[in-house]
Amino acid sequence: MPPVSPELISPRSARVAAARRLGKRNFRSKERLFLAEGPQAVREAAGHRDTLVELFATVEAAERYADIMGEARDAGARVHLADEQVIADISTTVTPQGLVGVCRFVDTPFEEILAGRPKLVAVLAHVRDPGNAGTVLRCADAAGAEAVVLTDASVDLYNPKAVRASVGSLFHLPVAVGVPVERAVAGLKDAGVRILAADGAGTDDLDDELDKGTMGGPTAWVFGNEAWGLPEETRALADAVVRVPIHGKAESLNLATAAAVCLYASARAQRASGGCRSVTES
């Protein structure tokens, strides 16, 4: 297994330069590599088969997270000690946590997701903010969704902000990228999945949907742009356009919050009596 380098890697090293370039999308796409920063993301990457390629760590972080260093070596990653300036140069955060991993792309072909007959899916259509995309991915993971789909009009899955916001969930569930929204909806419908578009101006109320018992079957939620929601042509593709009820005086919910409410509503309905999952299904 590759040992920890006995000396600090030089800031002029070609490996450092290559890692630094992964902060830019065109280099990520060319190399099919991305950065995972911080102990949680690096640990998850090390545990995800054939994903962690390289790890840079400060001496302090290597001592503090000795278990993660061991997991990285066990995963076959090259492990380098680096001073704080090198980590700062590679990292895209203001206050780096001392660990930066270089990872292989982990997205899953859309056809493979459909073949798994998913029961709960989040589709991000026109979502441009990387923090929101990563947070919705985390919510989908927490709610027990089997997949996330990012359409071709959405943000890069491997944007460092999206990776950080997913807090490791990127490595937990299949994520398809670059799928046209029409293809995503058609494929999911053919797989027996009901399509619900989440929109503040929706004609159907989430509470009413729950009361009617219509949400227990396989479901895909389509979430739109943070500022202007879903365009009419995308809403028209859905089986229903659903709004989250606002019971107080707030004007609206942000994207990630609305996604959490919708995904958990489906998760509860699916696990209730008559839902598409048994209460003991993991």
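Residues numbered from 1 in each chain as written. Predicted model: local features only at pLDDT ≥ 70, side-chain atom pairs only at ≥ 80, totals over all residues. Heavy atoms only, no water.

- You'll find the chain entered in an unreviewed UniProt entry as RNA methyltransferase, with Streptomyces brasiliensis given as the organism.
- Heading Sequence similarities (unreviewed entry) of the UniProt record for the chain holds this comment: "Belongs to the class IV-like SAM-binding methyltransferase superfamily. RNA methyltransferase TrmH family." (UniProt positions renumbered as here; feature names shortened; annotations may be inferred.)

## Concerning the packing of helix H3 (residues 39-47) against helix H5 (residues 66-74)
- Between H3 and H5, the shortest axis-to-axis distance is 9 Å and the interhelical angle comes to 30°. Judged by the inter-axis angle, H3 sits roughly parallel to H5. Seen from above, H3 lies across H5 with left-handed handedness. Residues Pro39, Val42, Arg43 and Ala46 of H3 touch H5, and the partners they reach there are Asp67, Ile68, Glu71 and Ala72.
- Here the contact of H3 with H5 is composed, by residue class, of five nonpolar, no polar and three charged. (Axes fitted to C-alpha atoms, helices over the stretch in contact; angles between N-to-C directions. Helix = DSSP H or I, 4+ residues; strand = E, 2+ residues; numbered from the N terminus. Parallel < 35°, antiparallel > 145°, perpendicular 65-115°, else oblique. Left-handed = near helix turned anticlockwise from the far one by under 90°. Contact = heavy atoms within 4.5 Å. Nonpolar A, V, L, I, M, F, W, Y, C, P; charged D, E, K, R; others polar.)

## Some thoughts on the layout of surface pockets
- The space that makes up the largest pocket amounts to roughly 470 Å³.
- For the largest pocket, the lining is made up of 20 residues, of which Asp199, Gly200, Ser252, Leu253 and Ala258 are closest to its centre.
- Of all elements in the fold, only strand S11 (240-243) and helix H13 (255-271) reach the threshold of two or more residues within the lining of the largest pocket.
- Here the lining of the largest pocket is composed, by residue class, of 10 nonpolar, six polar and four charged. (1 Å grid on protein atoms, 1.4 Å probe; cavity = no way out; pocket = protein on both sides within 12 Å on 5 of 7 lines; lining within 4 Å. Points joined across faces, edges and corners; volume = space filled by probe spheres on them.)

## Comments concerning H13
- Taking 1.5 Å as the rise per residue, H13 with 17 residues should run 24 Å; its terminal C-alpha atoms sit 24 Å apart, in good agreement.
- For H13, the set of buried residues is Leu255, Ala256, Ala258, Ala259, Cys262, Leu263, Ala265, Ser266, Ala267, Ala269 and Gln270.
- In this fold, the buried residues of H13 make contact with strand S5 (120-124), helix H8 (130-143), strand S8 (194-198), helix H11 (206-212) and strand S10 (219-223). (Expected span 1.5 Å × (residues − 1). Buried < 20%, exposed > 50% of the residue type's maximum accessible area, 1.4 Å probe, protein only.)

## Looking at a nonpolar patch on the surface
- There is a patch of nonpolar side chains on the surface, built from Ile246, Leu253 and Val261 and spanning about 210 Å² of accessible area.
- Structurally, the position occupied by Ile246 is in the loop between S11 and H13. (Patch = residues over 30% accessible without salt bridge, like charges linked within 9 Å, V, L, I, M, F, W, Y side chains within 5 Å. Areas by Shrake-Rupley, 256 points an atom, 1.4 Å probe, with all protein chains shown as cover. Salt bridge = Lys/Arg side-chain N within 4 Å of Asp/Glu carboxyl O.)

## Brief notes about empty space enclosed by the protein
- Here the structure, examined in full by the defined rule, presents one cavity of 30 Å³ or more.
- Considered as a void within the structure, the largest cavity measures approximately 40 Å³ in volume.
- Along its surface, the largest cavity is lined by Ala133, Gly134, Leu137, Leu150, Leu157, Ala162, Val163, Ser166 and Leu170.
- Secondary-structure elements contributing two or more residues to the lining of the largest cavity are H8 and helix H9 (160-166).
- Looking at the lining of the largest cavity residue by residue, the class counts come to seven nonpolar, two polar and no charged.

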